[in-house]
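Residue strings, one per chain:
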Amino acid sequence: MIFKLIKTFFAVAAIFAIALYYQEVWPFWPVLVIAVLYMLLILVLSTNVQFNFFLKAYNRNPDFPDNSVALSFDDGPVEGTLEILEILDRYDTKAAFFCIGRNIQEYPEIFKEIIKRGHIVGNHTYSHTRKIGFLPSTVIVKEIEKCNKIAKEIGGVEMNLFRPPFGIINPKTQRAVKKTGHQVIGWNVRPYDAVTKSPEKIIHRITKDLNRGDLILLHDNMPNTAPILEQLLVILEQRKFSTVRPDKLFNIHAYN
């Protein structure tokens with residue numbers, strides 16, 4: 001409803017500006033400004049899953065009864081996932097892994113190991129294409145369903161949780177998720193570990209304003225993730241934070 005109102009507002013504004021232009025009251029640049037402002041607004045709303053604008057996503061739970069945070073990893077499974085699993089075991093920590101379908105196919109044993117060790121797995125589409133924001137909803141549905149099918153065949157799980165690649169949520173993703181019935185999991189702590197090489201900066205971004213019920217995003221396909229994770233878990237212990245699996249943080253079901 002709100003999105004329709006926004007579209008209507010900008011459409012009326014554009015028509016009004018164009019009419020004034022043809023009447024030689026205004027120059028043409030206000031029309032361009034309206035168009036640019038609309039595109040910028042949609043870009044911001046579509047690339048921030050935390051806004052819950054197009055659909056509800058679970059990003060944080062400040063009302064969680066314990067002083068806990070949750071860990072999640074994207075873009076696996078990969079060979080480096082095994083080292084991450086070992087570190088999580090040492091600190092008795094359970095996490096969520098949002099897996100790419102084609103990576104599940106490439107590393108089926110690692111995928112099964114994630115599940116065996118008590119972590120949960122979620123859907124991160126089959127291909128994790130950078131074009132996700134431009135795909136029609138029918139293609140996004142196929143991406144989600146294909147990933148779920150592979151996870152079922154290899155791991156025996158029917159994934160209920162979905163994390164959109166790059167956190168992109170737009171009307172097309174909204175329609176796709178409504179059709180597949182998945183619950184969307186976002187995050188509220190994003191250290192940009194996929195683009196930042198400095199472990200110190202990544203750790204600082206995570207811990208500088210960490211609060212009860214926060215959900216941390218990391219990537220298990222990044223080379224520095226394992227040492228960063230170990231440092232992070234030590235800091236969490238020092239600050240008296242416990243860890244909780246994301247499905248328990250939000251009291252939702254990871255599988256159908």
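Residues numbered from 1 in each chain as written. Predicted model: local features only at pLDDT ≥ 70, side-chain atom pairs only at ≥ 80, totals over all residues. Heavy atoms only, no water.

A. Fine view of the overall build of the chain. Per the secondary structure count, the chain includes 10 helices and 8 strands. Per-residue burial for the chain yields a buried fraction of 50% across its 256 residues. Within the chain, contacts between residues at least 6 apart in sequence are counted, and of these 76% link residues at least 24 apart. For the chain, the distance from the average position of its 31 positive side-chain charges to the average position of its 25 negative side-chain charges is 7 Å. (Helix = DSSP H or I, 4+ residues; strand = E, 2+ residues; numbered from the N terminus. Buried < 20%, exposed > 50% of the residue type's maximum accessible area, 1.4 Å probe, protein only. Contact = heavy atoms within 4.5 Å. Lys, Arg positive; Asp, Glu negative; His and termini not counted. Charge placed at Lys NZ, Arg CZ, Asp CG, Glu CD.)

B. Looking closely at the pairing of strand β7 (residues 215-219). Of all 5 residues in β7, 5 are buried; the element is thus mostly enclosed. Here β7 shows two buried faces, one formed by L215, L217 and H219 and the other by I216 and L218. Pairing between strand β2 (residues 68-76) and β7: 5 bridges, direction parallel. When the sheet's bridge partners are listed, D74 is paired in β7 with H219. (Pairing = 2+ DSSP bridges.)

C. A look at helix α6 (residues 137-155). Taking 1.5 Å of rise per residue, 19 residues should cover 27 Å, and α6 covers 26 Å from first to last C-alpha, within 8% of that figure. On its buried face, α6 is in contact with β3 (96-99), α4 (101-106), α5 (108-116), β4 (120-123), β5 (161-162) and α7 (171-180). Positive backbone phi, approximately 70 degrees, marks G156, located one or two places after α6. (Expected span 1.5 Å × (residues − 1).)

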